[in-house]
Structure formats: C-alpha cells, structure tokens
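Listed here are the chains, written in short residue letters.
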Amino acid sequence: MHKFKILKTEKGEFRVQFVYNAEVMVWSENYASKASAKNCVESLKKNAPAAPVVDLTKQETGSGYRFEIDEAKNGETFLRFRAANGEIMVRSETYKSKSSAKNCIESIQKRVAEAAVEEAE
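These numbers were taken from a predicted model, which means no experiment stands behind them. (Residues numbered from 1 in each chain as written. Predicted model: local features only at pLDDT ≥ 70, side-chain atom pairs only at ≥ 80, totals over all residues. Heavy atoms only, no water.)

## Let's talk about the environment of S36
Next, step 1: Tracing the backbone through its elements, the reader meets S36 in helix α1 (residues 34-47).
Next, step 2: Expressed as a C-alpha distance, the spacing of S36 and R15, which sit 21 residues apart in the sequence, is 9.4 Å.
Next, step 3: For S36, the side chain forms a polar contact with the side chain of S33, separated by 3.0 Å. (Helix = DSSP H or I, 4+ residues; strand = E, 2+ residues; numbered from the N terminus. Polar contact = N/O pair within 3.5 Å; in protein donor to acceptor, adjacent residues only side chain to side chain.)

Written out as structure tokens, the structure reads:
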C-alpha cells in the first residue's frame, strides 16, 4: 500500500517520505515544522498526478510543477519533483535503469492523490 509518512528527525525537524510497503520511493528535505511537511504532502497530492515529466538526460526543459529524470554522478538515474518556484520537493534513490525511474513516477502519479498520511507525534 502506498502512503505518506511524516517523520520527526533527531533534531526535531520533519521529513516527508512516500512509501510502498516498506520501500521509500521518494523523500523530502527536512522542514523546521510539521505544518511545512504537511504542506509538502498536500502539494504533492494536488500537483503530482498531472505533472509533466522532463528528461534532463535528453536536455529537455520544463517549468512549473514537474518530475525530472536526471543522471547521478555514478551514471545511474534518479528522479525529483520540483515545485512551480523551482524548489526540489522530493527525490528518489538512484536506479540502474531509466525505466525504473519512469515506473516510480507512474506509480506516484497514480497513487499519490489518494495516499494515506501517517504523522509522527
């Protein structure tokens, strides 16, 4: 089952993860407040399902809310989701194949809007 987790860090900050079963698909940077982490979740639920996919490895460009496929320093592929202001909201692990990154994006787009949210206390 796909769901969001809002986790509290050792420093008292909050991070968002989108998980499938026990696997973390994407995660956010740390936020100072739980409210900011909740805003991240709501923005993903609203904007990710219809967001375009930009393949930076093919020199494609984009603006607004979007998924980006990029190449890591080790040659593997990863994805990130950018907000309309250009800030990175979440990113993924690296994948050996670009098709795995694309599958992750498709899974997020299909399931993010209805995903449950688990919050840290």
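## Examining empty space enclosed by the protein
Next, step 1: Here the structure, examined in full by the defined rule, presents one cavity of 30 Å³ or more.
Next, step 2: If you add up the space inside the largest cavity, you get close to 40 Å³.
Next, step 3: Forming the walls of the largest cavity are F4, F18, V26, L44, F67, V90, I108 and V112.
Next, step 4: Residue classes in the lining of the largest cavity are distributed as eight nonpolar, no polar and no charged. (1 Å grid on protein atoms, 1.4 Å probe; cavity = no way out; pocket = protein on both sides within 12 Å on 5 of 7 lines; lining within 4 Å. Points joined across faces, edges and corners; volume = space filled by probe spheres on them. Nonpolar A, V, L, I, M, F, W, Y, C, P; charged D, E, K, R; others polar.)

## Examining the UniProt feature "domain: DUF1508" (unreviewed entry) in the protein chain
Next, step 1: The UniProt record annotates "domain: DUF1508" (unreviewed entry) at residues 11-55 and 72-119.
Next, step 2: As annotated, residues 11-55 comprises 31% helix and 33% strand, and the C-alpha atoms at either end are separated by 35 Å.
Next, step 3: Spanning residues 72-119, this segment combines 29% helix with 31% strand, and its end C-alpha atoms are found 31 Å apart. (UniProt positions renumbered as here; feature names shortened; annotations may be inferred.)

## Observations regarding unusual backbone geometry
Next, step 1: One non-glycine residue, N21, lies in positive phi territory at about 55°.
Next, step 2: In this structure, N21 sits in the loop between β2 (14-20) and β3 (23-27).
Next, step 3: In this structure N21 comes out as partly exposed when scored by relative accessible area, which is 49%.
Next, step 4: Despite not being glycine, Q59 shows a phi value in the positive range, around 60°.
Next, step 5: Tracing the backbone shows Q59 in the loop between β4 (53-55) and β5 (66-71). (Buried < 20%, exposed > 50% of the residue type's maximum accessible area, 1.4 Å probe, protein only.)

## Remarks on the sheet that holds strand β1 (residues 2-8)
Next, step 1: Taken in spatial order, the eight strands of this open sheet run β4-β5-β6-β7-β3-β2-β1-β8, and their pairing is mixed. Strands at the two margins of the open sheet, each flanked by one partner only, are β4 and β8 (116-119). Going from strand to strand, the sheet's axes swing by 30° on average, the running direction of each strand aside.
Next, step 2: By the bridge criterion, six bridges tie β5 to strand β6 (residues 77-82) in an arrangement that is antiparallel. Residue I69 lies in a different strand from β6, and its bridge partner there is L79.
Next, step 3: In the packing of α1 onto the sheet, the strands contacted are β1, β2, β6, β7 (88-92) and β8, and the crossing angle to β1 comes to about 160°.
Next, step 4: Those strands touched by helix α2 (residues 98-111) are β1, β2, β3, β4, β5 and β6, and its axis lies near 165° from that of β5. (Pairing = 2+ DSSP bridges. Axes fitted to C-alpha atoms, helices over the stretch in contact; angles between N-to-C directions. Contact = heavy atoms within 4.5 Å.)

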